[in-house]
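The chain contents come next:
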Amino acid sequence: MNLEALFALNCGMYVVASSYEGKMNGLIINALVQVTAFPPQVVASVNKESLTVSLIEKSGFFSVSVLEKEAPLQLVGLFGFRTGRDIDKFAQVKYFLGKTGVPVLREHVVAYLEARVVAKLDAGTHMLFLGEVVETEFIDSKLTPMTYGYYRDVKGGKVPRTAATYQEKQGKAVEVTGRYRCKVCGYIYDERFGDPDSGVQPGTPFEKLPENWVCPICGVGKDQFERV
Ligand code: FE
């Protein structure tokens, strides 16, 4: 079985959010799909360890903000790599409250919807929420939605295994093996792979990174990294 074949399934980049008794939170999910048209319903798969799951279960409502293709990695990092137990994510973005009271992102969003939970299914690591769409509008219909594939392959900071194989075939000597972890988002800078998306060649020691280099996922500086 080759699990990478599942990358052939198209997924999006969505901020799912909810609120309950004044507490708001949201996170990025990839698994969300419209499943019926009459009435319009969606299914969202949300990790059970997330704060957002409990907010959805208590309030019975959630919003979905569809991220646009060029949404900054900092926004992805904020909602995808950080926990609402430590920070107030919505204090760092522009948002509005929808008609059901759930927060919706205002910027870098193509469209949004608000849904009322009509059923849920425990899927092990994730909870599946079936939601009836009770409101939906474009934020900016001229923008293009970001797919998970685009994030992973074009914008993503994570290095696929194929990159390591490529180096072996090239016969490059790989002597540096340092790995440094971003304390904010968990991204690993691996000296063997560098950060090609930011113009950093494979084999670049962490100490030789330019002073203005930042975490490609969450945008913090080198001082937020620790050796692992
Ligand atoms: Fe980071």
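Residues numbered from 1 in each chain as written. Predicted model: local features only at pLDDT ≥ 70, side-chain atom pairs only at ≥ 80, totals over all residues. Heavy atoms only, no water.

## Some words on the overall build of the protein chain
Within the protein chain one finds 4 helices and 12 strands. For the protein chain, with 228 residues in total, the buried portion stands at 41%. Pairs at least 24 residues apart make up 61% of the contacts formed inside the protein chain by residues separated by at least 6 positions. (Helix = DSSP H or I, 4+ residues; strand = E, 2+ residues; numbered from the N terminus. Buried < 20%, exposed > 50% of the residue type's maximum accessible area, 1.4 Å probe, protein only. Contact = heavy atoms within 4.5 Å.)

## Structural notes on the packing of aromatic side chains
Taken as a whole and judged by the stated rule, the model has 11 aromatic pairs. On the numbers, 5.3 Å between centres and 70 degrees between planes, the contact of phenylalanine 79 with phenylalanine 90 is edge-to-face. On the criterion of sequence distance, the pair formed by phenylalanine 79 in helix 2 (residues 73–80) and phenylalanine 90 in the loop between helix 2 and strand 6 (95–97) is long-range, its members being 11 residues apart. A relative accessible area of 1% places phenylalanine 79 in the buried class. The exposure class assigned to phenylalanine 90 is buried, which follows from its relative accessible area of 3%. Arranged with centres 4.1 Å apart and planes meeting at 15 degrees, the rings of tyrosine 180 and phenylalanine 206 form a pair that is stacked. Residue tyrosine 180 is located in strand 10 (residues 179–182), and its partner phenylalanine 206 is located in the loop between strand 11 (188–190) and strand 12 (225–227); the two are separated by 26 residues in the primary sequence. Each member of the pair, tyrosine 180 together with phenylalanine 206, is buried. (Phe/Tyr/Trp six-rings, centres within 6.5 Å; stacked < 30°, edge-to-face > 60°.)

## Description of the side chain of glutamate 68
The residue glutamate 68 is located in the loop between strand 5 (61–67) and helix 2 in this model. Its relative accessible area of 10% is what places glutamate 68 among the buried residues. Each residue touching glutamate 68, except ones within four places of it in the same chain, is listed here: His108, Val109, Val110, Leu143, Thr144, Pro145 and Met146.

## Details of the environment of serine 45
Within the secondary structure, serine 45 is located in strand 4 (residues 40–47). In this structure serine 45 comes out as buried when scored by relative accessible area, which is 14%. Apart from the residues lying within four places of it in its own chain, the contact partners of serine 45 are Ile29, Ala31, His126, Met127 and Leu128.

## So, helix 2
Summarising burial for helix 2: 6 of the 8 residues are buried, a large majority. Leu73, Leu75, Val76, Gly77, Leu78 and Phe79 are the residues of helix 2 that are buried.

## Some details on the sheet that holds strand 8 (residues 109–122)
In space, the 7 strands of this open sheet follow the order 2-1-5-8-9-4-3, with antiparallel pairing throughout. Across the chains shown, the open sheet's two edge strands, defined by having one partner strand only, are strand 2 (23–29) and strand 3 (32–37). When strand polarity is set aside, the average angle formed by the axes of neighbouring strands in this sheet is 35 degrees. In the packing of helix 1 (residues 51–59) onto the sheet, the strands contacted are strand 1 (14–20), strand 2, strand 4, strand 5, strand 8 and strand 9 (126–138), and the crossing angle to strand 1 comes to about 55 degrees. (Pairing = 2+ DSSP bridges. Axes fitted to C-alpha atoms, helices over the stretch in contact; angles between N-to-C directions.)

## Things to note about a nonpolar patch on the surface
Where nonpolar side chains cluster on the molecular surface, the patch consists of Met1, Leu3, Leu6 and Leu9 and spans about 540 Å² of accessible area. Its place among the elements puts leucine 3 in the segment before strand 1. Under the relative-accessibility criterion, leucine 3 is labelled exposed at 55%. (Patch = residues over 30% accessible without salt bridge, like charges linked within 9 Å, V, L, I, M, F, W, Y side chains within 5 Å. Areas by Shrake-Rupley, 256 points an atom, 1.4 Å probe, with all protein chains shown as cover. Salt bridge = Lys/Arg side-chain N within 4 Å of Asp/Glu carboxyl O.)

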